[in-house]
Amino acid sequence: MSKTLLIRNARVLVTMDAMRREIADGAVFIRGNAIEQVGASTELPHSADEIIDATDHVVMPGLVNTHHHMYQSLTRVIPSAQNGELFNWLTNLYPIWANLTPEMVHVSTLTAMAELMLSGCTTTSDHLYIYPNGCKLDHSIEAAQKIGMRFHAARGSMSVGQSKGGLPPDCVVEDEQAILKDTQRLIETWHDARRYAMQRIVVAPCSPFSVSRDLMRESAALARHHRVSLHTHLAENANDIAYSREKFNMTPAQYAEDCGWVGHDVWHAHCVQLDEHGVQLFARTKTGVAHCPCSNMRLASGIAPVRKMLDAGVPVGLGVDGSASNDAGHMLGEARQAMLLQRVGFGPDAMTARGALELATLGGAKVLNRDDIGALAPGMAADIVMFNLNQIGFAGALHDPVAALVFCTPSNVACSIINGRVVVRDGKCTTMEEDVVREQHNRLALELAHAVR
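Residues numbered from 1 in each chain as written. Predicted model: local features only at pLDDT ≥ 70, side-chain atom pairs only at ≥ 80, totals over all residues. Heavy atoms only, no water.

A. Highlighting the overall build of the chain. A tally of helices and strands in the chain yields 14 helices and 17 strands. Since a compact globule built from 453 residues should have a radius of gyration of about 22 Å, the 21 Å found for the chain is in line with a globular shape. For the chain, the share of sequence-separated contacts (at least 6 apart) that also reach a separation of at least 24 residues comes to 75%. Counting 39 positive and 48 negative side-chain charges, the chain places the centres of these two groups 2 Å from one another. (Helix = DSSP H or I, 4+ residues; strand = E, 2+ residues; numbered from the N terminus. Rg over C-alpha atoms; globule rule 2.2 N^0.38 Å. Contact = heavy atoms within 4.5 Å. Lys, Arg positive; Asp, Glu negative; His and termini not counted. Charge placed at Lys NZ, Arg CZ, Asp CG, Glu CD.)

B. Examining the packing of aromatic side chains more closely. Scanning all chains against the criterion turns up eight aromatic pairs. Taking the centre distance of 5.1 Å and the plane angle of 85 degrees together, the rings of Tyr71 and Trp97 count as edge-to-face. One end of the pair, Tyr71, is in the loop between β6 (63–65) and α1 (86–97); the other, Trp97, is in helix α1, with 26 residues separating them in the sequence. Each member of the pair, Tyr71 as well as Trp97, is classed as buried. Between the aromatic rings of Tyr71 and Tyr129, the centroid separation amounts to 5.9 Å while the plane-to-plane angle is 85 degrees, which identifies the pairing as edge-to-face. On the criterion of sequence distance, the pair formed by Tyr71 in the loop between β6 and α1 and Tyr129 in the loop between β7 (121–128) and α3 (137–147) is long-range, its members being 58 residues apart. Comparing Tyr71 with Tyr129 shows no difference in burial state: the two are buried. An aromatic cluster is built from Tyr71, Trp89, Tyr94, Trp97 and Tyr129, whose rings are joined through pairwise contacts. The ring of Tyr131 carries Arg155 above its face, with NZ or CZ at 4.2 Å from the centroid. (Phe/Tyr/Trp six-rings, centres within 6.5 Å; stacked < 30°, edge-to-face > 60°. Buried < 20%, exposed > 50% of the residue type's maximum accessible area, 1.4 Å probe, protein only. Lys NZ or Arg CZ within 6 Å of the ring centre and 35° of its normal.)

C. Just the environment of Ala242, in detail. Among the secondary structure elements, Ala242 is positioned in helix α6 (residues 238–248). Along the chain, Ala242 and Pro252 lie ten residues apart, while their C-alpha atoms are 9.3 Å from each other.

D. Quick look at the packing of helix α4 (residues 176–190) against helix α5 (residues 213–226). Two elements in contact, α4 and α5, have axes whose closest approach is 11 Å; the angle formed by their N-to-C orientations is 20 degrees. Judged by the angle between their axes, α4 and α5 are roughly parallel. The interaxial crossing formed by α4 with α5 has right-handed handedness. Across from Glu176, Gln177, Ile179, Leu180, Thr183, Gln184, Ile187 and Glu188 in α4, the residues of α5 making contact are Asp214, Leu215, Glu218, Ser219, Leu222 and His226. Along the lines of polarity and charge, the residues of the contact of α4 with α5 split into five nonpolar, five polar and four charged. (Axes fitted to C-alpha atoms, helices over the stretch in contact; angles between N-to-C directions. Parallel < 35°, antiparallel > 145°, perpendicular 65-115°, else oblique. Left-handed = near helix turned anticlockwise from the far one by under 90°. Nonpolar A, V, L, I, M, F, W, Y, C, P; charged D, E, K, R; others polar.)

E. A look at the pattern of salt bridges. As enumerated under the stated definition, the model contains 25 salt bridges in all. When the shortest N-O distance is used, the salt bridge between Arg21 and Asp17 registers 2.7 Å. Residue Arg194 pairs with Asp192 through a salt bridge whose shortest N-O separation is 2.9 Å. Assessed through its relative accessible area of 18%, Asp192 is described here as buried. Three or more residues joined by partner-sharing salt bridges are found here, namely Asp138, Arg155, Glu174, Asp182 and Arg185. (Salt bridge = Lys/Arg side-chain N within 4 Å of Asp/Glu carboxyl O.)

F. A look at the pairing of strand β3 (residues 34–40). Taken across its seven residues, β3 has five buried, putting it largely inside the fold. As paired strands, strand β2 (residues 22–31) and β3 are joined by six bridges and run antiparallel to one another. Bridging from a neighbouring strand, Phe29 pairs with Gln37 of β3. Hairpin connection from β2 to β3: two residues lie between these consecutive antiparallel strands, with Gly32 at a positive phi of about 70 degrees. (Pairing = 2+ DSSP bridges.)

G. Region of the structure containing unusual backbone geometry. In this structure, Tyr196 is a non-glycine residue whose phi angle is positive, near 70 degrees. Topologically, Tyr196 is positioned in the loop between α4 and β9 (199–205). A positive phi angle is found at Cys271, which is not glycine, with a value near 55 degrees. With respect to the element layout, Cys271 can be found in the loop between β11 (266–270) and α8 (276–285). On the basis of relative accessibility, which here comes to 0%, the residue Cys271 falls in the buried class.

Shown next, in the form of structure tokens:
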């Protein structure tokens, strides 16, 4: 018989359900890996195999991260890449990443996932697009299974090096047929299409400036044959736009449409410079966007027109992006920056705190093409996080504890449950030895920095 878990006495239970209910003294009853009941504590069962007291906590759906490059946590704050826009930043980092090893991919994934989990994230995508020295996406997938995170593993790729007019050096690109063959292998080996799946594979050529038109089209055909999602970077900054116009005589949105990269099964990272035609195209086709405000500010890419996208009906979620262009992987912090940046760009009412939390939950679920995460309601996956309000950073803000999560200093979770399993308890990750992994990660980061070809 499935184990039961009861979370009760929440100061506020944020459901993100169809009515966006916020329940005072709320409770959630879980059986196995799914939510069975949601309501006031007095209305739910009083017993379970395990009971978690949520007094003085905000309880809400786990946050959903729609864009990341976890291997980049090994190259945070590298001096040569602290400044500069996207293309300059990449050019400085490609030679370092060319020395990645399978151990580095595995350990960096554990590190990045632990950081995300502690910030309230329960589902994440990761876009691994560089595979030197025997690295495989499997090394990330095995790390996700170890730590217990719900994972959309994106098989990225680069096939057009500098000798063919692309941005990356030739030493880090792959043969296109080999890319497609390995992508199919990963889908057949790891993809789980079932409800509550912990592991899905995404087809994800890196960007218009690092892969060919043929690879974009063939990748779309492969993904749709296997009914998996597609992901890439698009319209990230002004140079990205200039490249598309010069190389393809199209805007990035026109190029995406030409390659078959629009639809509910597609999401694009950034879209900072998406034009009006692109916004309307994405709205009409329900093509998703991963908004990465911290990275966009770090690289001075601009302010994505998220308010315009949402008003038009574009599905939008949040992404922390790579830890070398954000240097942090805090999902609640990303929600805060999303709210603040939209206000800087489009006025004080452009985004509310609750709007930012919706991007981080329901928005991310929609972008990842899932209907089983992002809300607390019967039948949804048991992905739940709890934030303790008894912290100095929330002092004076408890007249609206839900908004305080976004307006105040970003907090780590007290407790996190993924697929019905407690993975963070009392603010500590229960599924890995954090000190050991951190020491491994720091050692490998130094090795990588000193191994430049």
